[in-house]
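# Notes for the structure review
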Amino acid sequence: MEKPFGEASRDRPPASRRTIAEREKAAPAQPEGATAGDSPADRAQEEPAAASISVPPVDRRLESSPAIQVEAAPPSTREHVTKPLLASEALMEDLAPMRPAQDAARIWCAAVGAGFLLLGGLSIAGLRPDGVVAGPPAFVLGIVALFTALTSVSYRQRAVAMVVLGAIATVIGLQSSGTAVGWGTARAVAAIALPAALVFRSRYRAYSGARWLLVAAFLVTLPSFGHAIVKLALHDPHLGHLGALLVILAVLSSLTGFMGAETTGAGSFLAVAVVLAFTADLVVGRLALLDAFSPRDIVIVLSAGLAFAATSAITSLGLFQILAWRLAADARRIDLHSRRPENEKDGRDRRPPSGGEWLT
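The structure presented is a predicted model; accordingly, all values stated were derived computationally and were not measured. (Residues numbered from 1 in each chain as written. Predicted model: local features only at pLDDT ≥ 70, side-chain atom pairs only at ≥ 80, totals over all residues. Heavy atoms only, no water.)

Take the overall build of the chain next. Of the regular secondary structure elements, the chain holds 13 helices and zero strands. In the chain, the order of α-helices and β-strands from amino to carboxyl end is α-α-α-α-α-α-α-α-α-α-α-α-α. Across the 360 residues that make up the chain, the buried fraction comes to 32%. Contacts spanning at least 24 positions in sequence make up 72% of the contacts within the chain whose residues lie at least 6 apart. About 23200 Å² of surface is accessible on the chain, with carbon and sulfur atoms providing 64% of the total. (Helix = DSSP H or I, 4+ residues; strand = E, 2+ residues; numbered from the N terminus. Buried < 20%, exposed > 50% of the residue type's maximum accessible area, 1.4 Å probe, protein only. Contact = heavy atoms within 4.5 Å. Areas by Shrake-Rupley, 256 points an atom, 1.4 Å probe, with all protein chains shown as cover.)

Put into structure tokens, the structure is as follows:
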């Protein structure tokens, strides 16, 4: 027999009524108007069934995909991609460099500085024509050359310093050369100008102005070249003819600088050959004037030749760098793509058929 609603609850034990009261206090209060299906417990029972129907299973193989791993990587661990070097940029730097022989200038300044210090020591020892008087200038030039090699200066400043240093050393050398100052000046100018033009022509072979500079250098070299020809033609054969012959061969070989832009004309090697040829002309000419080959005389002649070669090399290199600093921007205004005639494009004959025009 069923009991009324209130009586059934009164018949329960006290512990059961307390348990129900504690559960009601712990359960969250539902808002007004909420039904039994809106409770969190009811929604938790309905959502898994709905989720199992609407969401497809995830493919575990996608987690190991390389593309997903790259996208998930933080920006700091991604590989940094640099801008590729274009072929036109590499070709431009090869045809018209901005600062050529920058490291070589430091090496040459250091070598010439050490050479001047050696010459100063020979002067103090009395193995040079001016003796002790020539020692202090050589020491000063050597210190200045070493300072130029070791200090951090701009490209143009080092080039100007090299030219000034070489000019001072040339003047000092000409003062101690005796009566042949005129021919000595012509030899020194030729040994400076022609190598500088040859090196400039080899490094800027696509620049038309480089050949005009080479023409100017040949004009400057003409007095020394003519003097060598006259020596061979009018004087009796002797030891001095060997130096004149080397000068003629070196100058004539420099004509390869007028070749096309596809070759450097071996300008760098010819520049060294020209300096060595004029140095040999100086050394052999002085040795031919000696009556007896004493050790002291030989040291004097060889030291003079060493000073001439070092001075000509450093001055010529400085002049080349000044030309490069001044004309490099103009030399870069060249067309890297050779323009072919319209009839030669794609290797086909572009002429229309005889007696008519192109068919359309």
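That shown, we press on.
Our next topic: the UniProt feature "transmembrane region" (unreviewed entry) in the chain. UniProt tags residues 107–127, 133–152, 159–175, 181–200, 212–230, 242–261, 268–288 and 300–324 as "transmembrane region" (unreviewed entry). As annotated, residues 212–230 comprises 100% helix and 0% strand, and the C-alpha atoms at either end are separated by 27 Å. (UniProt positions renumbered as here; feature names shortened; annotations may be inferred.)

The backbone phi angle of A101 is positive, close to 55 degrees, even though this residue is not glycine. Position of A101 among the secondary structure elements: in the loop between α5 (87–95) and α6 (102–124). Residue classification places A101 among the partly exposed positions, given a relative accessible area of 22%.

Moving on: the nonpolar core. Note that soluble globular proteins tend to have their nonpolar side chains buried in a common cluster. Among the nonpolar cores identified, the biggest contains 52 residues, and L194, F200, Y204 and F278 are the most heavily contacted of them. Tallying contributions element by element places helix α13 (residues 295–331) first for this core, with 11 residues. The contacts of L194, once residues within four sequence positions are left out, are L214, A217, F218, T221, V251, S254 and V274. (Core = buried A, V, L, I, M, F, W, Y, C linked by side-chain atoms within 4.5 Å.)

What follows deals with the environment of T256. Of note, T256 is situated in the loop between α11 (240–253) and α12 (267–288). In this structure, the C-alpha to C-alpha distance between T256 and L198, residues 58 residues apart in sequence, is 9.4 Å. For T256, the residues in contact, after removing those within four places along its chain, are G265 and L270.

What follows concerns the packing of aromatic side chains. By the definition in use, this model includes four aromatic pairs. Ring plane angle 70 degrees and centroid distance 6.4 Å describe the contact between F200 and F320, whose orientation is recorded as edge-to-face. Taken as a pair, F200 in helix α9 (residues 181–203) and F320 in helix α13 lie far apart in primary sequence, 120 residues in all. By relative accessible area, F320 is classed as buried at 1%. An aromatic cluster is present here, built from F200, Y204, Y207 and F320 joined pairwise through their rings. (Phe/Tyr/Trp six-rings, centres within 6.5 Å; stacked < 30°, edge-to-face > 60°.)

The next point concerns α6. Given a rise of 1.5 Å per residue, 23 residues ought to cover 33 Å, and the 34 Å separating the end C-alpha atoms of α6 matches this to within 8%. Looking only at α6, the buried set comprises A105, C109, V112, G113, G115, F116, L119, G120 and S123. Here the buried face of α6 lies against α7 (135–150), α8 (155–175) and α13. (Expected span 1.5 Å × (residues − 1).)

Bringing α9 into the picture now. Owing to its 3.6 residues per turn, the α-helix brings residues three or four apart onto one side. Between the first and last C-alpha of α9 there are 33 Å, a value that for 23 residues agrees with the 33 Å anticipated at 1.5 Å per step. In terms of residue burial, α9 counts as a mostly covered element, since 17 of its 23 residues are buried.

Here we take up the packing of α9 against helix α10 (residues 209–234). α10 packs onto α9 with a crossing angle of 155 degrees between their chain directions and a minimal axis gap of 8 Å. The angle between α9 and α10 places the two elements in the roughly antiparallel class. Crossing of α9 against α10: the hand is left-handed. Residues W183, A186, R187, V189, A190, A193, L194, A197, L198, F200 and R201 of α9 lie in contact with α10, whose contacting residues are A210, R211, L213, L214, A217, F218, V220, T221, P223, S224 and H227. Across the contact of α9 with α10, the residue classes tally to 16 nonpolar, three polar and three charged. (Axes fitted to C-alpha atoms, helices over the stretch in contact; angles between N-to-C directions. Parallel < 35°, antiparallel > 145°, perpendicular 65-115°, else oblique. Left-handed = near helix turned anticlockwise from the far one by under 90°. Nonpolar A, V, L, I, M, F, W, Y, C, P; charged D, E, K, R; others polar.)

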